[in-house]
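This is what each chain is made of:
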Amino acid sequence: MQSEWKFTAKDIVEKPDLFMSGHRACAGCAPATVMRLIMKALRGPTIVTHATGCMEVVSTIYPYTSWAVPWLHTAFENAAANASGIETAVKMLRKKGRIKYEHVDVIAIAGDGGTYDIGIQALSGAAERGHDFLFVLYDNEAYMNTGIQRSGGTPLGASTTTSPAGEVIPGKLEPKKPIADIMVAHEIPYVATASPYYWRDLIAKVRKGLEVEGPAFLHVFAPCPRGWRSDPAKSIELSRLAVETCVFPLWECINGEYQLSAPSKVLAMAPQKKKPVKEYLAVQGRFRHLFAPKYEKLLDEIQRITDQRWRKLLKKCGMAVV
Amino acid sequence: MMKSVEQKTLALNGNEAVAYAVKQSDVDVVAAYPITPQTIIVERFSEYVANGEVETAFVCTESEHSALTACLAASLTGARTFTASASAGLALMHEMLFVTSGCRAPVVMAIANRALSAPINIHGDQSDTMAQRDSGWIQIYAENAQEVYDSIIQAFRIAEHPDVLLPAMVCLDGFQLSHSVENVNVLPDEVVKKFVGVRQYPMVLTHEGKMVPLKLDPENPMTMGPLAFPNYYFEFKRQQEEAMKVALRVIREVHDEYAKISGRSYGDGLLDSYFLEDAEIAIVCLGSTAGTVKTVVDELRAEGIKAGLLRMRTFRPLPVDGIKKVLGHVKAVAVMDKSMSFGGFGGAVFHEVRHALYDLDKKPFVVNYIYGLGGRDTSPMQIRGIYNDLQEILAKGRVETPVKYVGLRE
């Protein structure tokens, strides 16, 4: 599947922002950048719906809004059910000649809590029913809006307020749930991962997700300086480092066929360029305890799991495993 | 009987009457999830869809939570929407009931009333809807399958009225109504279609100073379901309460307009009185129980006893003035509750009726009877027992046990 849409940096800059300034996101918030990039990929009439979460809360404080598109929030666990209702209504109203639009794109946006955890039932149901919508997961790897509690998307070893690094427990004991693979298992036509450092790749993938008929799922990596205890100036660098260390590889799965996206493909072709996970972990306060002698072994475990997942991905992409 | 349009008589159970009414009401989106005793509604309706008898999209969701969410989102996109549920399903919707009314989405829902777990029980009582009485939904309780049919059609008009814009549930007693076949007179398709009309949207002022229809529309972008802090939240809630007050009027108007077409009326649409004018003792109840009570009232009247019945058709909004008016002169009133309010003083209907009568200078004695939980049958003899109790209260001039249970092992 190849999108017809070709764009330059100038096109993107000149395209009006549909996620506008004035929102109350924290300094260095990558999710806010992700929202802006998503909205640059729109191709026509669009309705956006949000799960409860950071981006919902910071962008729609009554009587203000950052959204220049019709936008709906109803609850936490049901962004995909919102999308189901919107998409179904548009189709039927169109059929009855009660709206003028030939087609309306529907985008559901949720954080990791609203996707991995409380939102997975509605998401799975909507995917199974085959609604034509794009679900974007912005993954900042914990419940940041409520104060940094662990989710199914929190990585192994991360200290959060409900998986704190203590005297006997080294932060979160479980690795991230492979959410994008779970969505691939739904046999939907388009699943992809993206990172805001690779903004062209991200925008192109949003567009593909809109163009495809049926459900599409985009997993976007989105650093949170507050929750990750990282430098607010480094969020986009972290988005790059996560890809370069293979902590968050970039790929697409189109009709069941996996393929690496360019930034990760480079690493598959030239494994010497792959950076050690430590480089990524060392710049985040949430992993600070792993660098004390007591919990050092977990660093090796994180590297081992990262490598194992990378090898599995390479196999799925039909790439030689080195 | 008023002059009305010619109608067909069909043998329908309450659930089928719902499905038939929805079929005729030009609904755009139905989203639902199965639960006993509601399932027949969505089964029948999916048959209409499968046979091309309706122009409605049917979304068979993975839960009641998503069913109501999908209806809510479709409604805000401009569609006329319907769903049905009961018991645990309605309880699972709890969160979304408040969101639906808070978003002012005129979703219509049929509830085949059923007990709540535990222990699990599929039979009829009103615990499920009484537990949702503060969720901001209009609640109409039907007495029989005919009224179920009529109320569903009316509910779309009431809910979508621009001055109301509130979701509405039509409640039918599980099994007693949902599964009992009755003769139901149905209006011709085109008459119903004309009565419900095409959904209209109130016009609202955007921040750009434009008047636009209130719905998710790419040409007129609008943010719905925002975050409201303490500086605004309270006003949203106050407006919902105001809409409920308006609904009291609109329910009556829609009921009267429908009565002219169909020849059927249910009191004033809010309260349905039976021999109350000169009654000394009266029962207040909701739903199908009224049929049994009416039989007993007939018997008592034949014996010269001044007994009456008030069936509350509309429980939300509560017709306070009407309750005062029709019960004010009665000497002793027994309120029947088919649900519990654990740790409270009697059941929910009792609370409301007694509360409404408090301001009267001369108040009737008001007592409470909890009955029928988990589908336990309530006989005419037991109803007679309640009227006997009321006579005894009048004879003694005082109430000894304000809250009693009907047909219960103690």
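From a predicted model like this one, the values you see are computed outputs, not experimental measurements.

Caption draft 1: Representation of the sheet that holds strand 11 (residues 223–224) of chain B within the structure. Strand order in the open sheet formed by nine strands is 8(A)-7(A)-5(A)-6(A)-4(A)-3(A)-1(A)-2(A)-11(B), and the pairing between neighbours is mixed. Among the strands making up the open sheet, the edge pair consists of strand 8 (257–260) of chain A together with strand 11 of chain B. Sheet analysis places strand 7 (residues 251–254) of chain A next to strand 8 of chain A, joined by four bridges and oriented antiparallel. Its bridge partner lying in strand 8 of chain A, A:Trp251 is registered against A:Leu260.

Caption draft 2: Seen up close, a nonpolar patch on the surface. All names here are of chain B. A surface patch of nonpolar side chains, amounting to about 510 Å² of accessible area, comprises Met340, Phe342, Leu373, Tyr405 and Leu408. Its place among the elements puts Met340 in the loop between strand 16 (332–337) and helix 12 (348–357). On the accessibility criterion, Met340 (32% relative accessible area) is partly exposed.

Caption draft 3: Region of the structure containing the nonpolar core. Judged by nonpolar contacts, the single largest core of 152 residues is most densely connected at A:Phe135, A:Phe217, B:Phe82, B:Ile138, B:Tyr149, B:Met312 and B:Leu327. Here this core spans two domains, since at least three of its residues come from each of domain 1 (8–201 + 241–262) and domain 2 (271–405) of chain B. Once residues within four sequence positions are removed from consideration, B:Leu327 is found in contact with B:Leu276, B:Ala282, B:Val284, B:Leu310, B:Val333, B:Val353, B:Leu357 and B:Pro364. If you look at the next biggest cluster of nonpolar residues, it comprises 63 residues, including A:Leu42, A:Leu202, A:Cys224 and A:Leu298.

Caption draft 4: Main features of the interface of chain B and chain A. Taken residue by residue, the interface counts 43 residues in chain B and 43 residues in chain A. Between the two partners, chain B and chain A, sit six salt bridges. Two residues, B:Asp26 and A:Lys96, come together in a salt bridge whose shortest N-O distance is 2.9 Å. Across the chain B-chain A interface, the total number found is 20 residue pairs in polar contact (both at pLDDT 80 or more). Among the elements of the structure, strand 3 (57–60), helix 3 (64–76), helix 5 (94–102) and strand 11 of chain B are those that each provide at least two residues to the side of chain B that touches chain A. Here the side of chain B that touches chain A takes eight residues from helix 3 of chain B, the largest share from any one element. Considering only residue class, the side of chain B that touches chain A consists of 25 nonpolar, ten polar and eight charged.

Caption draft 5: Region of the structure containing the pattern of salt bridges. Residue and element names in this part refer to chain A. Counted by the stated rule, this structure contains 52 salt bridges over all chains. Arg150 is the partner of Glu174 in a salt bridge, and the nearest nitrogen-oxygen pair spans 2.7 Å. One end of the pair, Glu174, is in the loop between strand 4 (134–139) and helix 7 (179–184); the other, Arg150, is in the loop between strand 4 and helix 7, and 24 residues separate them in sequence. For Glu174, a relative accessible area of 35% puts it in the partly exposed group. The partly exposed category is assigned to Arg150, whose relative accessible area is 30%.

Caption draft 6: Just the state of the cysteines, in detail. Applying the stated criterion across every chain, the model contains zero disulfides over all chains. Free cysteine A:Cys29: the closest other cysteine sulfur is in A:Cys26, separated by 6.3 Å. With no disulfide of its own, B:Cys171 lies closest to B:Cys285 among cysteine sulfurs, the gap being 14 Å.

Caption draft 7: Region of the structure containing the side chain of B:Glu143. Residues and elements named next belong to chain B. Within the secondary structure layout, Glu143 lies in the loop between strand 6 (138–141) and helix 7 (145–160). The exposure class of Glu143 is buried, given its relative accessible area of 11%. Apart from residues lying up to four places away in sequence, Glu143 is in contact with Leu177, Asp272, Gly287, Ser288, Ala290, Gly291, Lys294 and Arg311.

Caption draft 8: How the structure looks around helix 9 (residues 233–262) of chain B. All names here are of chain B. Between its terminal C-alpha atoms helix 9 stretches 42 Å, which fits the 44 Å expected from 30 residues at 1.5 Å a residue. Of all the bends in helix 9, the largest measures some 30° and sits at Ala247. Looking one or two residues past helix 9, Gly263 carries a phi angle of roughly 80°, positive in sign.

Caption draft 9: Layout of the environment of A:Gly111. All names here are of chain A. Inspection of the secondary structure puts Gly111 in the loop between strand 3 (105–110) and helix 5 (113–117). Remark: the alpha-carbon pair of Gly111 and Glu128, spanning 17 residues in sequence, is separated by 21 Å. In this view, Gly111 contacts Leu137 and Tyr138; residues no more than four positions away in its chain are not counted.

Caption draft 10: Looking closely at the environment of B:Val59. Looking at where B:Val59 falls in the secondary structure, it is placed in strand 3. With relative accessibility at 4%, the residue B:Val59 sits in the buried group. For the pair formed by B:Val59 and B:Ala145, sequence separation is 86 residues and the distance between their alpha carbons is 26 Å. In contact with B:Val59, not counting residues within four places along its chain, are A:Thr88, A:Arg129, A:His131, B:Val29, B:Val30, B:Ala31 and B:Ala32.

Caption draft 11: Main features of the sheet that holds strand 6 of chain B. Residue and element names in this part refer to chain B. Ordered by their spatial adjacency, seven strands build an open sheet running 3-2-4-5-7-6-15, and the pairing between neighbours is mixed. A strand with exactly one partner marks an edge of an open sheet, and here the two such strands are strand 3 and strand 15 (314–316). The sheet shows a mean angle of 20° between the axes of neighbouring strands, direction not considered. Each of strand 4 (81–85), strand 5 (108–113), strand 6 and strand 7 (168–173) touches helix 7; the most contacted strand, strand 7, lies at about 170° to it.

Definitions and limits used
Residues numbered from 1 in each chain as written. Chains lettered and ligands numbered in written order. Predicted model: local features only at pLDDT ≥ 70, side-chain atom pairs only at ≥ 80, totals over all residues. Heavy atoms only, no water. Pairing = 2+ DSSP bridges. Helix = DSSP H or I, 4+ residues; strand = E, 2+ residues; numbered from the N terminus. Patch = residues over 30% accessible without salt bridge, like charges linked within 9 Å, V, L, I, M, F, W, Y side chains within 5 Å. Areas by Shrake-Rupley, 256 points an atom, 1.4 Å probe, with all protein chains shown as cover. Salt bridge = Lys/Arg side-chain N within 4 Å of Asp/Glu carboxyl O. Buried < 20%, exposed > 50% of the residue type's maximum accessible area, 1.4 Å probe, protein only. Core = buried A, V, L, I, M, F, W, Y, C linked by side-chain atoms within 4.5 Å. Domains from an automatic or database assignment. Contact = heavy atoms within 4.5 Å. Polar contact = N/O pair within 3.5 Å; in protein donor to acceptor, adjacent residues only side chain to side chain. Nonpolar A, V, L, I, M, F, W, Y, C, P; charged D, E, K, R; others polar. Disulfide = S-S within 2.5 Å. Expected span 1.5 Å × (residues − 1). Bend = angle between axes of the 7 residues up to and from the residue. Axes fitted to C-alpha atoms, helices over the stretch in contact; angles between N-to-C directions.

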